[in-house]
Amino acid sequence: MRSPMIKSMFMDLLKTTNQTDDWIVESAGIGWWDVGKGMDPRAKHHLESYGLNTSHIVREICQDDFYKFEYIIATDERDLGFLDLEAPEDGISKCVLLGSFNSKAKFPVSDLPDPFFLKTKPLNDALEDIMNRGYWYLVSFLDTFGVQVPEVLTTKKVKIITTVKIRSSTMNPWHEKMSSLQAGWSATKFKDRITVKSTHRKLQ
């Protein structure tokens, strides 16, 4: 759910900054579940409400990816640990946490938790948090390559939700119609995570 949402936002940012032809961007899961299916319908509906592209077919990350992509970006520490474990010694990929890119976000380095594992936050609020923080982490990631998001998209002030508190920040282009609702939200820290044990298997 998180990976295709981040991909959709990133592709929109690349289009906005005329960088589409310079990047190869794909989304992949760390497991085989849902392979071949489309995007989760709840995430799809959320992206569609902002006019973002929802074309996506689920696939599992594979060994070839570590030789093809310069960066493989994880949305949480658990997935990053999996990538570090699977990365071949001669691979070219840098496995990094999305939340570590926060020069523009002004948020602390943190995970984007899987909405299914949250007991204290409604799903829609969790999806919106992915949109909010994910956007600014992506803007910060692009900034490391000298790619600047047009100022017209980042100057209007609104209230946005974070995992710590309601704070004033600059607006991302998908949030204008939600700004009045966001200003009234109460922030909730992510806690009470559910630990899921799974059988580890080597990538093919």
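For the chain, the name recorded in an unreviewed UniProt entry is Low molecular weight phosphotyrosine protein phosphatase, with Cacopsylla melanoneura as its organism.

1. Things to note about helix H4 (residues 77-86)
Every buried residue of H4 is accounted for by Asp79, Leu80, Phe82, Leu83 and Glu86. Viewed along the axis of H4, the buried residues span an arc of 155 degrees, placing them on a single side of the element. At its buried positions, H4 is contacted by helix H1 (2-16), helix H3 (65-68), strand S1 (71-74) and strand S2 (94-97). Structurally, the start of H4 carries an N-cap: the backbone nitrogen of Arg78 is 3.2 Å from a side-chain oxygen of Asp76.

2. Some thoughts on the layout of surface pockets
As a volume, the second largest pocket reaches approximately 180 Å³. Lining the second largest pocket are Pro4, Lys7, Ser8, Met11, Asp12, Lys15, Met39, Asn53, Ser55 and His56. Its residues assigned to classes, the lining of the second largest pocket shows three nonpolar, four polar and three charged.

3. With respect to helix H2 (residues 41-48)
Ala43, His46 and Leu47 are the residues of H2 that are buried. Take H2 and look down its axis: the buried residues cluster within an arc of 95 degrees, on one side only. Pointing more than 90 degrees away from the buried face of H2 are the exposed residues Pro41 and His45. On its buried face, H2 is in contact with H1 and helix H5 (123-143). A distance of 2.8 Å separates the backbone nitrogen of Arg42 from a side-chain oxygen at the start of H2, and that oxygen is part of Asp40.

4. A look at the pattern of salt bridges
Per the stated rule, a full pass over the model turns up 10 salt bridges. Of the charged contacts in the structure, one is a salt bridge between Lys68 and Glu26, with a shortest N-O distance of 3.0 Å. Residue Lys68 is found in helix H3, and its partner Glu26 is found in the loop between H1 and H2; the two are separated by 42 residues along the sequence. The class for Lys68 is partly exposed, based on a relative accessible area of 48%. Judged by relative accessible area, which is 38%, Glu26 ranks as partly exposed.

5. What to know about the packing of aromatic side chains
Inspection of the entire model under this criterion finds 10 aromatic pairs. Consider the rings of Phe101 and Phe141, whose centres lie 4.9 Å apart with planes at 75 degrees: the pair is edge-to-face. On the criterion of sequence distance, the pair formed by Phe101 in the loop between S2 and H5 and Phe141 in helix H5 is long-range, its members being 40 residues apart. Classification of Phe101 by relative accessible area gives buried; the value is 14%. In this structure Phe141 comes out as buried when scored by relative accessible area, which is 2%. On the basis of an interplanar angle of 90 degrees and a centroid distance of 4.9 Å, the ring pair of Tyr135 and Trp136 is categorised as edge-to-face. Overall, the relative accessible area of 0% leaves Tyr135 in the buried class. A relative accessible area of 4% means that Trp136 is categorised as buried. Here the aromatic residues Phe10, Trp23, Tyr71, Phe101, Phe141 and Phe145 are joined through ring pairs into a cluster of three or more.

Calculation criteria
- Residues numbered from 1 in each chain as written.
- Predicted model: local features only at pLDDT ≥ 70, side-chain atom pairs only at ≥ 80, totals over all residues.
- Heavy atoms only, no water.
- Buried < 20%, exposed > 50% of the residue type's maximum accessible area, 1.4 Å probe, protein only.
- Helix = DSSP H or I, 4+ residues; strand = E, 2+ residues; numbered from the N terminus.
- Arc of directions from axis to C-beta.
- Contact = heavy atoms within 4.5 Å.
- Polar contact = N/O pair within 3.5 Å; in protein donor to acceptor, adjacent residues only side chain to side chain.
- 1 Å grid on protein atoms, 1.4 Å probe; cavity = no way out; pocket = protein on both sides within 12 Å on 5 of 7 lines; lining within 4 Å.
- Points joined across faces, edges and corners; volume = space filled by probe spheres on them.
- Nonpolar A, V, L, I, M, F, W, Y, C, P; charged D, E, K, R; others polar.
- Salt bridge = Lys/Arg side-chain N within 4 Å of Asp/Glu carboxyl O.
- Phe/Tyr/Trp six-rings, centres within 6.5 Å; stacked < 30°, edge-to-face > 60°.

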